[in-house]
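# Descriptive structure summary
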Amino acid sequence: MNVVAQSVLVVEGLSKSFRGLNALDSVSLNVQSGEILGLMGPNGAGKSVFINVVTGLYPADAGTIHYGGRNVTGLASYELARLGIARTYQNIRLLRRMTVLENVLVATKEHIDRPLRSFCVWNQRSFVTAAKRLLEQFHLVDKSDWLAGSLAYGEARRLEIARALAGKPSLLFLDEPAAGMNERETEELSSTIRASHKFVEAIVIIEHDVAMMRNLPHRLIVLDSGRKIAEGRPNDVLAQSNVIEAYFGTDGTDD
Amino acid sequence: MLVEQIINGVVLGSMYALIAQGYTLIFGVLDKLNFAHGEIFMLGGFVCLASVALGASLPVAILITAIISGLLGLMVEFVGFRKFRSADAHITAALSSFAIGLVLIDLSQKVWGAEPVALTLPGSLQTATITIAGLKIVVLRLAILVISLLLMLVLYLVVLRTGLGRRIRAVAESPAKAALFGINVTRINQQVFVIASVMAGLAGLALAVRTGYSSTDVGFTFGLKALAIMAIGGMGDLRGALLGGLLVGVIEALAFQWGVGQFADVFVWLFMIAILLLRPAGLFGTLVSKEIRA
Amino acid sequence: MMQDYIVFVGVNMVLAWSVYVILLAGSLSFANGGFMAIGAYASGVLTVKFGMPLIPAALIAGLIAGAVGVLVGFPALRTRGIYLMLVTVGITVSVKAVIESIDYVGGIQGFGGMVGTRPWHVIALVILVGCGLWFLSKSPLQRILDAVREDELSAASLGINTVYVKLVCLGVGAFLAAVAGSFYAHHLIHVTPDQFGIVVSVFIVLYAVLGGTNNMWGPPIGGVIMTLIPEVVRGLESWRPTAFGVIILVLLLIRPDGLLAFRDVTTRAKKIW
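Think of each chain on its own: its residues are numbered from 1, step by step along the sequence as written. Throughout, the order in which chains and ligands are written sets their labels, letters from A for the former and numbers from 1 for the latter. Per-residue local features are limited, in this predicted model, to residues with pLDDT of at least 70; the limit for side-chain atom pairs, both in listing and counting, is 80 or more; totals at the level of whole chains, interfaces and linings are taken over all residues.

### Overview of the overall build of chain A
The helix and strand tally for chain A stands at 11 helices and 10 strands. Rg of the C-alpha trace for chain A: 19 Å, near the compact-globule value of 18 Å for 255 residues, within the 12% margin. Buried, partly exposed and exposed are defined by the number of other C-beta atoms within 10 Å of a residue's own C-beta, namely 20 or more, between the two limits, and 12 or fewer respectively, with C-beta atoms placed from the backbone. Residues counted as buried form 44% of the 255 residues belonging to chain A. For chain A, contacts bridging at least 24 residues in sequence account for 67% of all contacts bridging at least 6. The helix and strand labels rest on DSSP assignments: H or I over at least four residues marks a helix, E over at least two residues marks a strand, and numbering proceeds from the N terminus. Between the two quantities, the radius of gyration covers C-alpha atoms and the globule rule is 2.2 Å times the number of residues to the power 0.38. Distance between backbone-placed C-beta atoms decides contact: two residues are in contact if it is within 7 Å.

### Description of the overall build of chain B
Tallying secondary structure elements over chain B gives 13 helices and 4 strands in all. A compact globule built from 294 residues would reach a C-alpha radius of gyration of about 19 Å, and chain B, at 19 Å, matches this within 12%. In terms of principal-axis extent, the alpha carbons of chain B reach across some 60 × 45 × 35 Å. Within the span of chain B, comprising 294 residues, buried residues form 51% of the whole.

### As for the interface of chain B and chain C
Counting residues at the interface gives 34 residues for chain B and 30 residues for chain C. For the side of chain B that touches chain C, the secondary structure elements donating two or more residues are helix 4 (90–112), helix 10 (218–233) and helix 12 (264–278) of chain B. The element contributing the most residues to the side of chain B that touches chain C is helix 4 of chain B, with 12 residues. Here the side of chain B that touches chain C is built from residues that sort into 27 nonpolar, 3 polar and 4 charged. Note on residue classes: Ala, Val, Leu, Ile, Met, Phe, Trp, Tyr, Cys and Pro are nonpolar, Asp, Glu, Lys and Arg are charged, and everything else, Gly too, is polar.

### Structural notes on the sheet that holds strand 1 (residues 7–18) of chain A
Residue and element names in this part refer to chain A. Strand pairing requires that DSSP identify at least two bridges connecting the strands. Taking strand neighbours across the sheet as the criterion, the 4 strands line up as 2-1-4-5 in an open arrangement whose pairing is antiparallel. The open sheet has two free edges, formed respectively by strand 2 (21–32) and strand 5 (70–71), since each of these has just one partner strand. Bridge count between strand 1 and strand 2: 8 bridges; the pairing is antiparallel. By the bridge assignment, Val-11 is partnered in strand 2 with Leu-29. What counts as an axis is a line fitted to C-alpha atoms, over the stretch in contact for a helix, and the angles between N-to-C directions run from 0 to 180 degrees. Each of strand 1, strand 2 and strand 4 (62–67) touches helix 1 (residues 47–54); the most contacted strand, strand 2, lies at about 65° to it.

### Examining the interface of chain C and chain A
Each side of the interface is counted separately: chain C has 28 residues, and chain A has 28 residues. Among the secondary structure elements, those contributing two or more residues to the side of chain C that touches chain A are helix 6 (140–150), helix 7 (152–157), helix 8 (162–188) and helix 12 (265–272) of chain C. Considering every element that reaches the side of chain C that touches chain A, the biggest residue donor is helix 6 of chain C, with 7 residues. Of the residues belonging to the side of chain C that touches chain A, the class tally is 15 nonpolar, 7 polar and 6 charged.

### Details of the sheet that holds strand 9 (residues 219–224) of chain A
Residue and element names in this part refer to chain A. Across the sheet, 6 strands lie side by side as 6-7-8-3-9-10; this open sheet has mixed pairing. Edge strands, defined here as strands with exactly one partner in the open sheet, are strand 6 (85–87) and strand 10 (227–232). Averaged over all adjacent pairs, the angle separating strand axes in this sheet is 20°, with direction ignored. The sheet strands contacting helix 1 are strand 3 (36–40), strand 6, strand 7 (171–175), strand 8 (202–206) and strand 9, and the helix crosses strand 7 at an angle near 145°.

### Looking at the nonpolar core
Ile19(B) and Ile38(C) are the most contacted members of the largest nonpolar core, which totals 262 residues. If one sorts the elements of this core by residue count, helix 8 of chain C sits on top with 16 residues. If we skip the residues at most four places from it in the chain, Ile19(B) touches Phe41(B), Ala200(B), Ala203(B), Phe222(B) and Ala226(B). Throughout this description, the term nonpolar core refers to a group of buried Ala, Val, Leu, Ile, Met, Phe, Trp, Tyr and Cys residues whose C-beta atoms join them within 7 Å.

### Observations regarding the pairing of strand 4 of chain A
All names here are of chain A. As paired strands, strand 1 and strand 4 are joined by 5 bridges and run antiparallel to one another. Looking at the pairing, Ser-15 lines up with Ala-62 of strand 4. Pairing of strand 4 with strand 5 involves 2 bridges; the strand directions are antiparallel. Opposite Tyr-67, over in strand 5, you have Arg-70 as the bridge partner.

### Things to note about helix 5 (residues 119–137) of chain C
Residues and elements named next belong to chain C. Between its first and last C-alpha atoms helix 5 spans 27 Å; for 19 residues at 1.5 Å apiece the expected length is 27 Å, and the two agree. The complete set of buried residues in helix 5 reads His-121, Val-122, Leu-125 and Val-129. In a view along the axis of helix 5, the buried residues occupy a sector of 95°, so they form one face of it. Exposed side of helix 5, more than 90 degrees from the buried face: Trp-120, Ile-127, Cys-131 and Trp-134 are the residues found there. How far a helix is expected to stretch is found by multiplying one less than its residue total by 1.5 Å. By arc we mean the arc of the directions from the helix axis to the C-beta atoms, nothing more.

### Description of the environment of Pro75(C)
Residue and element names in this part refer to chain C. Tracing the backbone through its elements, the reader meets Pro-75 in helix 3 (residues 54–76). Overall, Pro-75 belongs to the partly exposed group, with 14 C-beta atoms counted inside 10 Å. Taking the C-alpha atoms as reference, Pro-75 lies 36 Å from Ile-123; in sequence the two are 48 residues apart.

### Considerations on the environment of Asp194(C)
Structurally, the position occupied by Asp194(C) is in the loop between helix 8 and helix 9 (198–211). Sequence spacing of Asp194(C) and Ala37(C) is 157 residues, and the spatial spacing of their C-alpha atoms is 9.8 Å.

### Digging into helix 7 (residues 153–166) of chain A
Residues and elements named next belong to chain A. Between its terminal C-alpha atoms helix 7 stretches 20 Å, which fits the 20 Å expected from 14 residues at 1.5 Å a residue. Burial of helix 7 is extensive: 10 of the 14 residues sit out of reach of the surface. Structurally, helix 7 contributes buried residues whose contacts are with strand 6, helix 3 (100–105), helix 6 (125–137), strand 7 and helix 8 (183–196). One or two positions beyond helix 7, positive phi appears at Lys-168, with a value near 55°.

### A word on the packing of helix 4 of chain B against helix 11 (residues 240–254) of chain C
The relative placement of two packed helices is expressed as an angle between their axes plus a distance between the axes. Two elements in contact, helix 4 of chain B and helix 11 of chain C, have axes whose closest approach is 8 Å; the angle formed by their N-to-C orientations is 155°. Taken as axis vectors, helix 4 of chain B and helix 11 of chain C run roughly antiparallel relative to one another. Both helix 4 of chain B and helix 11 of chain C take part in a crossing whose hand is left-handed. Together, Thr92(B), Leu95(B), Ser96(B), Ala99(B), Ile100(B), Leu102(B), Val103(B), Ile105(B), Asp106(B) and Leu107(B) of helix 4 of chain B and Pro241(C), Thr242(C), Phe244(C), Gly245(C), Val246(C), Ile248(C), Leu249(C) and Leu252(C) of helix 11 of chain C make up the contact between the two elements. What sets the label is the angle itself: under 35 degrees gives roughly parallel, over 145 gives roughly antiparallel, 65 to 115 gives roughly perpendicular, and the rest give oblique. Crossings are classed by handedness, with left-handed meaning an anticlockwise turn of the near helix from the far one by less than a right angle and right-handed meaning a clockwise turn.

### A look at the packing of helix 1 (residues 2–24) of chain C against helix 9 of chain C
Residues and elements named next belong to chain C. Where helix 1 contacts helix 9, the axes come no closer than 8 Å and their chain directions differ by 75°. Of the possible angle classes, the one that applies to helix 1 and helix 9 is roughly perpendicular. Mapping the contact onto sequence places Asn-12, Leu-15, Ala-16, Val-19, Tyr-20 and Leu-23 in helix 1 and Ile-204, Val-205, Tyr-207, Ala-208 and Gly-211 in helix 9.

### Here we look at unusual backbone geometry
Residue and element names in this part refer to chain A. The residue His-139 is not glycine, and still its phi comes out positive at about 55°. Within the fold, His-139 resides in the loop between helix 6 and helix 7. The class for His-139 is partly exposed, based on 14 C-beta atoms found within 10 Å.

None of this, on its own, says anything about what the molecule does.
Right, dumping it as structure tokens:
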């Protein structure tokens with residue numbers, strides 16, 4: 001079976017530098033259909049830059065990005081989102097002044113694809129039903145009318161993921177979703193992510209939490225100083241000496 | 001003739017730069033626009049005028065102008081900005097400073113009238129010229145240029161080399177973080193306002209001395225232009241305000257030289273738009289999306 | 001006299017709304033005085049020099065202003081919010097300077113002969129715009145605009161073409177300001193460029209902000225109040241600017257979000273269902 005044909009995303013030779021500093025140095029990887037891919041690396045390794053480039057926030061200096069076989073290098077954020085690449089942010093970016101329900105409703109694909117047409121939409125019943133159904137999957141439907149800004153941290157994370165999935169994407173990027181969570185919350189998050197898997201073809205998750213990255217993803221890739229230094233099954237990768245050194249440092253400090 | 005006009009432009013530009021630097025300093029530190037700034041500039045000219053009329057010599061008038069401008073700055077900070085500190089309050093702070101400006105203009109017109117008022121200085125001072133490299137230069141204008149550049153140099157050194165400057169830069173980067181480090185943000189805001197207002201007041205004095213009269217509408221016209229200069233140079237950047245001010249001064253001088261003086265304003269704003277198209281954050285500005293930096 | 005009031009209040013309401021529409025997508029525009037000028041002069045030329053009736057002339061003038069807004073706004077939208085604001089100031093300044101230099105429309109002396117505004121024109125305009133905005137507030141497009149206004153980055157990640165949305169709002173806002181300007185000019189009969197400068201642009205923004213920009217009712221009410229305040233301080237005729245400034249300051253200190261700052265959130269969400 002041709003691996004490329006099964007890949008949702010193929011990144012080749014991606015490079016990006018800021019003011020002379022190499023944030024990404026010719027990184028190549030692919031995301032396979034049906035998998036949860038983990039992306040790890042110490043601070044400054046380039047994980048966030050990678051996700052920002054791939055989701056269209058910055059243009060790459062070099063390299064190509066193919067999504068579903070199609071060359072999408074250089075497209076803007078919103079174009080990539082419409083093609084089916086969704087993401088969440090490290091510091092949760094919900095629309096805090098809108099309700100939980102509205103946050104999901106705003107992502108409705110039909111409206112976003114034709115914003116002016118949506119001015120004429122009068123009967124929104126079907127859209128509300130669909131949104132509530134999605135919220136139900138994430139155990140948030142009871143708080144539909146709450147302001148998004150009043151949610152607890154864990155709930156806010158769930159909402160952000162739910163909203164990202166409302167647009168029916170094929171590829172979902174999660175940027176440090178477990179930041180600031182304790183063990184129990186991280187467990188809940190992991191099961192939420194596993195449950196999300198049925199809504200989307202592939203998930204890429206950037207995280208620091210080693211326990212989570214050992215158990216959740218099918219495959220793990222490690223970046224260090226803008227370069228890929230390891231790739232494979234989580235247990236294998238985490239046992240590699242260069243990974244241990246890069247990630248934990250020689251004085252054994254944990255993240 | 002052309003060279004003389006360019007020199008005129010540079011002198012005018014140095015005054016613009018003084019005003020723009022104050023504006024941009026306040027913007028850099030408080031992240032808000034102070035629309036009363038132009039009126040402090042305007043009042044600088046009138047304070048000087050009043051001091052001289054009351055018998056003060058020029059140096060004393062300069063000192064009085066500086067002091068009163070500083071006090072005005074403190075007042076504006078207290079009335080228009082103290083309560084509106086949050087990041088969401090940009091528009092409110094700007095509008096309140098606009099309202100203060102409105103009041104200042106009206107009160108000035110009550111005292112001095114709406115027509116330009118003449119400033120009388122010892123006769124020789126205003127017309128003395130010297131000849132450098134074959135060009136006749138008015139001493140006064142040269143003095144204004146030199147003193148303006150000196151003031152801006154002093155400001156630059158203060159911001160970069162002193163403890164005060166370090167604290168100012170800390171607040172400019174993040175008031176919340178600066179407060180955590182024990183910096184009294186309110187005090188810094190006040191000091192920034194004083195510095196900016198003194199510069200504006202002295203620029204107003206310079207204008208009054210150079211043109212021979214003060215008028216209540218200069219705050220508006222100069223203040224508006226200072227906004228364009230800030231955008232050209234990059235909001236919050238002192239070098240940008242200097243360079244932008246000089247460029248705008250020269251552009252205006254050239255516009256008059258080439259007979260299209262009535263479009264001088266339009267050229268300045270078009271120039272700003274052109275610069276922003278090429279460099280969306282101005283010459284020295286950075287479109288730092290703090291969000292992405294997370 | 002009553003006619004005057006109706007026209008001025010109505011025009012100011014629509015002008016406040018023109019700023020509101022642009023603000024819906026997150027941009028603060030100081031160009032609406034300039035758009036108003038384009039409306040007044042363009043419609044004036046059409047009615048006076050070409051004999052066109054008022055309403056078509058006003059609509060065409062609106063389209064012209066909308067086109068100008070979009071053309072100038074498109075490159076400008078790449079810049080950050082505050083730079084965009086300054087570009088809008090530049091628009092107003094430039095429009096005024098250009099009009100002053102064109103002798104065909106009277107230059108600095110101004111342009112005259114514009115007649116035709118009836119109170120019902122203005123009333124109809126207010127009702128039309130009001131209904132449009134009300135309908136908008138119940139539609140999915142309102143949510144999209146809210147998203148763009150609150151967090152552009154997040155909105156883009158959801159697939160919203162934020163530049164397109166902002167341009168549409170800018171174009172519509174320009175259109176509204178121009179139509180209002182047309183009716184205004186054809187009531188005053190004679191206008192001068194001075195009446196459309198940056199001060200007017202700032203005042204229009206004041207109407208909107210003082211009234212509260214979270215919902216569609218704040219701006220027009222701000223417009224009504226600001227139009228009537230000069231009447232209130234009529235006795236203090238000579239102190240009017242100071243009184244104005246003080247009133248604005250007091251209002252801002254008491255209700256910094258504007259007089260009518262509420263957001264019709266949960267009601268709207270419930271009403272959909």
